[in-house]
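A closer look at the structure
Spelled out from the first residue to the last, the chains are:
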Amino acid sequence: MTATTQDRNTPYRDGELTPYPVAEKETIPAGVIVCLKGGYAVNGQGGEALVYAGRADEAITTVRAVTPPST
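Residues numbered from 1 in each chain as written. Predicted model: local features only at pLDDT ≥ 70, side-chain atom pairs only at ≥ 80, totals over all residues. Heavy atoms only, no water.

**Comments concerning the overall build of the protein chain**
Assigned secondary structure in the protein chain consists of zero helices and five strands. For the protein chain, the sequential pattern of α-helices and β-strands runs β-β-β-β-β. Relative to its full complement of 71 residues, the protein chain shows a buried share of 30%. Sequence separation of at least 24 residues holds for 48% of the intrachain contacts in the protein chain that already meet a minimum separation of 6. Counting every atom, the protein chain has about 5,600 Å² of accessible surface; 50% of that belongs to carbon and sulfur. (Helix = DSSP H or I, 4+ residues; strand = E, 2+ residues; numbered from the N terminus. Buried < 20%, exposed > 50% of the residue type's maximum accessible area, 1.4 Å probe, protein only. Contact = heavy atoms within 4.5 Å. Areas by Shrake-Rupley, 256 points an atom, 1.4 Å probe, with all protein chains shown as cover.)

**Let's talk about the sheet that holds strand β3 (residues 40-43)**
The strand order across the open sheet formed by three strands is β3-β2-β4, and the pairing between neighbours is antiparallel. A single partner strand is all that each edge strand has here, and the edge strands are β3 and β4 (51-55). In this sheet, neighbouring strand axes are inclined to one another by 40° on average, regardless of whether the strands run parallel or antiparallel. Of the pairings in the sheet, the one linking strand β2 (residues 33-37) to β4 comprises four bridges and is antiparallel in character. Paired with Val 34 across the bridge in β4 is Gly 54. (Pairing = 2+ DSSP bridges. Axes fitted to C-alpha atoms, helices over the stretch in contact; angles between N-to-C directions.)

**Let's talk about the pairing of β2**
Relative to β3, β2 runs antiparallel, the two sharing four bridges. In the strand pairing of β3, Val 34 is matched with Asn 43. Connecting β2 to the next strand, β3, in antiparallel fashion are two residues, including Gly 38 with a positive phi near 65°.

**A closer look at the confidence of the model for the protein chain**
Of the residues in the protein chain, 86% have a pLDDT of 70 or more, and the chain-wide mean is 83. Mean pLDDT across the elements of the protein chain ranges from a minimum in β4, with 88, to a maximum in strand β1 (residues 27-28), with 93. (pLDDT = per-residue confidence, 0-100.)

**Looking at unusual backbone geometry**
Of note in this structure, Lys 25 is not a glycine but carries a positive phi near 55°. Counting through the fold element by element, Lys 25 comes out in the segment before β1. Owing to a relative accessible area of 67%, Lys 25 belongs among the exposed residues under this scheme.

**Describing the side chain of Glu 26**
Note that Glu 26 resides in the segment before β1. At 7.8 Å, Lys 37 is the nearest oppositely charged side chain to Glu 26, a buried residue that forms no salt bridge. Within the structure, the side chain of Glu 26 is placed 2.9 Å from the backbone nitrogen of Asn 43, a separation counted as a polar contact. Aside from chain neighbours lying at most four places away, what touches Glu 26 is Ala 41, Val 42, Asn 43, Ile 60, Thr 61 and Thr 62. (Lys, Arg positive; Asp, Glu negative; His and termini not counted. Salt bridge = Lys/Arg side-chain N within 4 Å of Asp/Glu carboxyl O. Polar contact = N/O pair within 3.5 Å; in protein donor to acceptor, adjacent residues only side chain to side chain.)

Structural data, given as structure tokens:
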């Protein structure tokens, strides 16, 4: 299964938003499944090395790894 490349209006239940650092050179469209690989968020795809993290609330494209600001 290949990763989604366009935004998607995926249904969801209200809950907490959990920020994760985004992997280098990664594109995650809004509404798609987000997985963690080595502690960084990546676009959801099949793979044993990935851990499900949730649904992307907004789209992001990175050039280098992005760490969310501390709150």
